[in-house]
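Architecture and fold: a report
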Amino acid sequence: MTTATGIQSGVWLLVAIPALSAAVLLLAGKRADKWGPWLGGLITVPLFGYALALFFSVKGQHDREIDKHLFSWIPVAGFHVDAGMLLDPLSIIFILLITGVGGLIHIYAIGYLSHDEGARRFFGYFNLFVAAMLLLVLADSYLLLYVGWEGVGLTSYLLISYYYNRNSAATAGNKAFFANRVGDVGLSLAIMIMFAYFGRTDYAHLLFGNVQYTKGVAAAIGLMLLLGACGKSGQFPLQTWLPDAMEGPTPVSALIHAATMVTAGVYLIARSAAIFEASQATRTVVTIIGAITLLYGCIAGCGQDDLKRVLANSTVSQIGYMFLAVGLGKGVFAIGLIHLLGHGFFKAALFLSAGSVMHAMNDRIDMRRFGGLWRVMPITFAVFGCGYLAIIGFPFATGFWTKDKIIEAAFDKGGTSGYVLGICALLGAGITAFYMTRALVMTFLGEKRWEDDVHPHEAPRIMTWPMLALGALSLVGGWLLIAGGNVQKWLEPSVGPSIEVGAHTINKWVLVAITLVVVAMGVAGGWVAFGTRPVPVTPPMGVSPVTTLSRRNLFADAFNEAVLMRPGQWLTRALVFFDNRGVDGVVNGAAAGFGGGSARLRRMQNGFVRSYALSMLAGTIAVVAVLLAVRFQ
Amino acid sequence: MSQHNPALLILTALPLVGALAVFSLREAQAKLAKQLSLAVSLAVLVYTMVVLFSFDTKGDRFQFVGSWTWIKAFGVHLAFGVDGIALVLTAMAVLLVPAVILASWNALDSRAGSEEAATASGRRRSVKNYFGLILLLEFFMIGVFTAMDVFLFYVFFEAMLVPMYFIIGSFGGPRRQYAAMKFFLYSLVGGLLMLASVIGLYVTSSVKTFSISELIAHPMPDNTTQKWLFLGFFIAFAIKAPLVPFHTWLPDAGAEAPAGGAALLVGVLDKVGTFGFLRYCLPLFPDASRYFATPVLILSVIGILYAAFLAIGQRDMKRLVAYTSVAHFGFIGLGIFAFTTQGGTGAVLYMVNHGFSTGALFIVVGLLIARGKSRNVDDYGGAAKVTPILSGMFLLAGLSALALPGMSTFVSEFLVLVGTFTRHKGLAVLATTGIILAAIYVLYLYKRTFQGPVTEKVTRFHDLNAREVFAVAPLIALIVFLGVYPKPVLDVINPAVKQTLVNVHKSDPTPKYGTAAGGTK
């Protein structure tokens, strides 16, 4: 580990600049309404430039773990946390993703929100998000990471409830924050365990200091970190907030709830590779959660009529793949991260084109009211198409390289568990193809089912250019990331080398063929069900139990309501009653017993002297009692 | 011991002089009374800052010590002095006073800033007396933190409740008299128990003195007497703090007091309780403190969770904020009785932060209530649209109450939790789940008042004016600044906490796999 030199020493500017911009936008008030969105939108461009410069600067040196010490943050005896930043291969790919994809989405948002009177506030929050997210990935200790971690949670909350006058948006924001806080309990406890056992919370010691973790401690820390990761990344059992988060403006869904923030859980696990490596049990739990969530997301994605909710469930599912990958451990961390980057490209492309559709359809998002849009919105259709090909894993598009690698790695784990995980992942790929085909067909193909007052049109250029860039990345990004194993090699210092297993469980080409057949079946199923006959404008009734299950998100919301929310409300009411009647009642009752009726206490003018006297009496008795006790020693 | 540094005597007396001057004004000179009070409170603030910055963090535990004989027969002295703990709490108190004065500027006018709807009868309330009482309260508050003589402390401790009693009883809401009486009775019971213990302490101590530094230097033998005396002090402080189950006076007092008074009541007066734990219970009765630590820790954790649930269930906004404070006092109690440097330092920083954060929260809630003339959340909705500045301030104050990382409240809460965890894992885990409940009570309140469809009543609200912004903004700025850079304050607090732990014969547990360097880089 070396200290930062040259342009690297300014790495804190990556956090400070967007934070400052956010402060300006939020504090300047209406004065900034005119230029605010431009400032907020374009500030990401120099940030991306700087991130690139940092990348080349780090690439040019041998020791690629660079620490920039900033100041002593919390020094209390043995607990000594410094604020500092770590530039290493892992954090660099994240700052490139955040400022790069984030920059494109910022520019798109300038167009998307051009008619919104709150645009300045939006960009204030959006910039604050970038600052917090960069802090999250650049922090050099778990405690500082926590600050960024909560910062992105806060901005996520603010942006989900951006249309705060809508009750649904306000509720969704609260739900997201509460779920995140459940995760925060895990993260907090993980840090406490680190301190209690190692006296430190910084990466330099815990991750790069050759600490020998015992199985128990590693499992305890790992499981707590995993709880935090599940909250942030919308993984089972904390996944239900993410589809609701689509209440926010679409650029928010693209940047925060698809490309970056929700992948922070994967970052956390990959960053803590040294700890997860030390506990096989914890990694098994990670893979199980990944497998459950990837299937959950797929199945729930099939039953949504709201295009953004389809994509949100698909995000849940894709992050499930990433969890599965990082849970497989040594050698597969990098694969998970590469899928994370690829997913950042294609999911952003999908969301931005969904936003373009919404923009054109007067903010309506019900796919049953779309149809035939490819004619009027060719660019949007093309970009959505690129994202579609990428996510289903069409040959040579991004998902083909990145997702199929995860399926392969799952089978390669070996044994029964390898087969179970591999089949889950394979099944997920098929269902993904099904629901994405459904979404594509219902939105862009078939007959128009528009309501009378909409006149769809292609989006302005400030929106289409970023979309096209992301569309192109969706097609070729996967190949760029995987070709020659460059990214894997680059990530080696952070997460260890990728291991090409000599003998695959299933021959590589056979598996590719199987995967393609499964995907083709999914596509065909989607086409047969939705492309060959008219789509009704209202959801059909009397459907099969499977469809109901999917539409109701596998009853996850109903479960939460019945098991957490209602009992919580009952408990709250019971405690309020108990405190008013029980604890306070005893006090008032005692006072009434002395004073002759609680009304006496309320009419204090009358009761004053007596109460005072009684209290004096009580006090005197206590004095005497204590003095007696003292005397008898 | 014959030090006669008058710095703190002057500091303590300054608001008293101001209060007398304000009381002596005529009722018609209301405006002058406000201006004079503000000027005095700002002068006190500046003076305190000077003291704060000349405090030597590497020097003696007690500094600026000045002592003059008061009652010779019993060795009572007018003794003043501060350690790092008392100093930061004094600074917090004197910072909050000008904010409260600014926020209450029009609070007694029948029209603009009053929290109640104007009634036909329209009580006439003396403006100058209100501001005079605030300054008088400031005098007692400073005195209670700077007193270096147990008897003097007791006098300030008891006297403090008089101005607060009148602030609640004369200037409060509809049930003010019930609330004031309840506050008075609770405090009085606690005070009398303490008086008994103060006397007991003098009688049984080997040095026959009330001087705190002398008493710390000559701890009592470990026996039943020590336990009884500890309990006397402890219950008095637990009522003041308040710790569950001694808390039921606070929601009534906090709800009925005018918002500014509530800010001082919860922000400062209640800190005297937790300050008392650290300054009196621990060093004077070290063995008893250790003996009773476990029940206190358990009560603290119960308080954190129980009061948080109660806060979630409230519809009266001021009661809600009062309950959040009860939960926060649980954290402070936890930090103090965990007997670790992190826990203790966290607890003291928590007291400071909580003063700012809850002070700010009470003030913004008061500003909202002054617009809507109702404390019930159901009467609001969608106010962010109409009053964006108030909404932003409200949210920031709320976020500091839920200890958002990046704000100073997080630093203190995390220190308390981590300090507790190293010694009591189960309790720390339970307490940590409190952070979920904190998010719920803050954001659920914000949702019901500022989000959702705009109600008809809310459309007539006006946003904050410059004076109101100046009342709250500095508090929030400070919370954010100390979240990023808490070191200066931690450095002041730390030595005093370490010495307190030496007094109770406790040292931090060492990390099992720790490095020899003890974790410093």
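Residues numbered from 1 in each chain as written. Chains lettered and ligands numbered in written order. Predicted model: local features only at pLDDT ≥ 70, side-chain atom pairs only at ≥ 80, totals over all residues.

**Examining the overall build of chain B**
- The secondary structure content of chain B amounts to 20 helices and two strands.
- Along the first, second and third principal axes, the C-alpha set of chain B runs to 65 × 55 × 40 Å.
- Taking all 521 residues of chain B together, the buried fraction comes to 64%.
- The contacts in chain B between residues at least 6 apart in sequence include a share of 81% that link residues at least 24 apart. (Helix = DSSP H or I, 4+ residues; strand = E, 2+ residues; numbered from the N terminus. Buried ≥ 20, exposed ≤ 12 C-beta atoms within 10 Å, placed from the backbone. Contact = placed C-beta atoms within 7 Å.)

**What to know about the overall build of chain A**
- Helices and strands together make up the secondary structure of chain A, namely 26 helices and three strands.
- Its C-alpha atoms give chain A a radius of gyration of 28 Å, near enough to 26 Å, the size a compact globule of 633 residues would have.
- Dimensions along the principal axes, computed over C-alpha positions, put chain A at roughly 90 × 65 × 60 Å.
- Looking at the 633 residues of chain A, the share that counts as buried comes to 58%.
- Within chain A, counting contacts between residues at least 6 apart in sequence, those at least 24 apart form 80% of the total. (Rg over C-alpha atoms; globule rule 2.2 N^0.38 Å.)

**Section: the pairing of strand S2 (residues 76-82) of chain B**
All names here are of chain B.
- Taking burial as the measure, the seven residues of S2 include six buried ones, the bulk of the element.
- Pairing of strand S1 (residues 63-71) with S2, which is carried by six bridges, proceeds in the antiparallel orientation. In the strand pairing of S2, Ser67 is matched with Ala79.
- Remark: four residues form the turn of the hairpin made by S1 and S2, two consecutive strands paired antiparallel; Gly75 in that turn has positive phi of roughly 65°. (Pairing = 2+ DSSP bridges.)

**A look at the sheet that holds strand S1 (residues 2-3) of chain A**
All names here are of chain A.
- Spatial strand order, S1-S2-S3: three strands in an open sheet with mixed pairing. The open sheet has two edge strands with one neighbour each: S1 and strand S3 (79-87).
- Examined bridge by bridge, S1 and strand S2 (residues 66-76) share two bridges and lie parallel to one another. Across the sheet, residue Thr3 finds its bridge partner in S2, namely Asp67.

**Quick word on the interface of chain A and chain B**
- The partner chain B presents 70 residues to the 58 residues of chain A that form the contact.
- Every element with two or more residues in the side of chain A that touches chain B is listed here: S2, S3, helix H6 (142-160), helix H7 (167-198), helix H24 (556-595), helix H25 (598-602) and helix H26 (604-631) of chain A.
- By residue number, the principal contributor to the side of chain A that touches chain B is H7 of chain A, which donates 16 residues.
- Split by residue class, the side of chain A that touches chain B holds 34 nonpolar, 15 polar and nine charged. (Nonpolar A, V, L, I, M, F, W, Y, C, P; charged D, E, K, R; others polar.)

**Things to note about the confidence of the model for chain A**
- Averaged over every residue, the pLDDT of chain A is 85; residues scoring 70 or more account for 91%.
- In the predicted structure, residues 594-607 of chain A sits below a pLDDT of 50 and forms 24 contacts with residues beyond four places in sequence or in another chain. (pLDDT = per-residue confidence, 0-100.)

**Examining the nonpolar core**
- Counting 439 residues, the largest nonpolar core has Leu134, Leu138, Leu324 and Ala348 of chain A together with Val88, Ile363 and Val364 of chain B as its most contacted members.
- The dominant element in this core, judged by the number of residues it contributes, is H7 of chain A, at 18 residues. (Core = buried A, V, L, I, M, F, W, Y, C linked by C-beta atoms within 7 Å.)

**Examining helix H2 (residues 30-53) of chain B**
Residue and element names in this part refer to chain B.
- Helix length check: H2 (24 residues) gives 35 Å between terminal C-alpha atoms against 34 Å at 1.5 Å per residue, within 8%.
- Every buried residue belonging to H2 is among Ala33, Lys34, Ser37, Val40, Ser41, Val44, Thr48 and Val51, and all of these are buried.
- Buried residues along H2 sit against helix H1 (7-23), S1, helix H3 (84-103) and helix H4 (127-146). (Expected span 1.5 Å × (residues − 1).)

**Focus on the packing of helix H10 (residues 249-256) of chain B against helix H13 (residues 317-337) of chain B**
Residues and elements named next belong to chain B.
- Contact geometry of H10 with H13 gives a least axis separation of 8 Å together with a crossing angle of 135°. By the angle between their axes, H10 is oblique relative to H13. Helix-helix and strand crossings are classified by hand; for H10 and H13 the assignment is right-handed. Taking contact as the criterion, the partners of Leu250, Pro251, Gly254 and Ala255 in H10 are, on H13, Lys318, Arg319, Val321, Ala322, Tyr323, Ser325 and Val326.
- Within the contact of H10 with H13, the residues separate by chemical class into seven nonpolar, two polar and two charged. (Axes fitted to C-alpha atoms, helices over the stretch in contact; angles between N-to-C directions. Parallel < 35°, antiparallel > 145°, perpendicular 65-115°, else oblique. Left-handed = near helix turned anticlockwise from the far one by under 90°.)

**A look at the pairing of S3 of chain A**
- Counting buried positions over the nine residues of S3 of chain A gives nine, a clear majority of the element.
- The two faces of S3 of chain A match: Phe79, Val81, Ala83, Met85 and Leu87 of chain A on one face and His80, Asp82, Gly84 and Leu86 of chain A on the other face are all buried.

**A look at the environment of Ala169 of chain A**
- Among the structural elements, Ala169 of chain A can be located in helix H7.
- Apart from the residues within four sequence positions on either side, Ala169 of chain A is in contact with Ile160, Ser161, Tyr162, Tyr163, Tyr164 and Glu247 of chain A.

**Regarding the environment of Pro237 of chain A**
- With respect to the helices and strands, the residue Pro237 of chain A is situated in the loop between helix H9 (215-233) and helix H10 (241-244).
- Spatially, the C-alpha atoms of Pro237 of chain A and Gly118 of chain A are 34 Å apart, while their sequence positions differ by 119 residues.

**Topic: the packing of helix H17 (residues 408-421) of chain B against helix H18 (residues 425-450) of chain B**
Residues and elements named next belong to chain B.
- Two elements in contact, H17 and H18, have axes whose closest approach is 7 Å; the angle formed by their N-to-C orientations is 155°. In terms of axis orientation, H17 runs roughly antiparallel to H18. Residues Leu417, Thr420 and Phe421 of H17 touch H18, and the partners they reach there are Lys425, Leu427, Ala428, Ala431 and Thr432.

**Comments concerning H17 of chain B**
- A rise of 1.5 Å per residue sets the reference length of H17 of chain B, with its 14 residues, at 20 Å; its end C-alpha atoms lie 20 Å apart and thus fit the reference within 8%.
- The element H17 of chain B is extensively covered by neighbouring structure, given that 14 of its 14 residues are classed as buried.

**Thoughts on the confidence of the model for chain B**
Residues and elements named next belong to chain B.
- Mean pLDDT over chain B works out to 87, with 95% of the residues at or above the 70 mark.
- Counting contacts from residues 516-521, a segment whose pLDDT is below 50, to residues more than four positions away or on other chains yields ten contacts.
- Scoring of the predicted complex yields 0.89 for pTM and 0.90 for ipTM.

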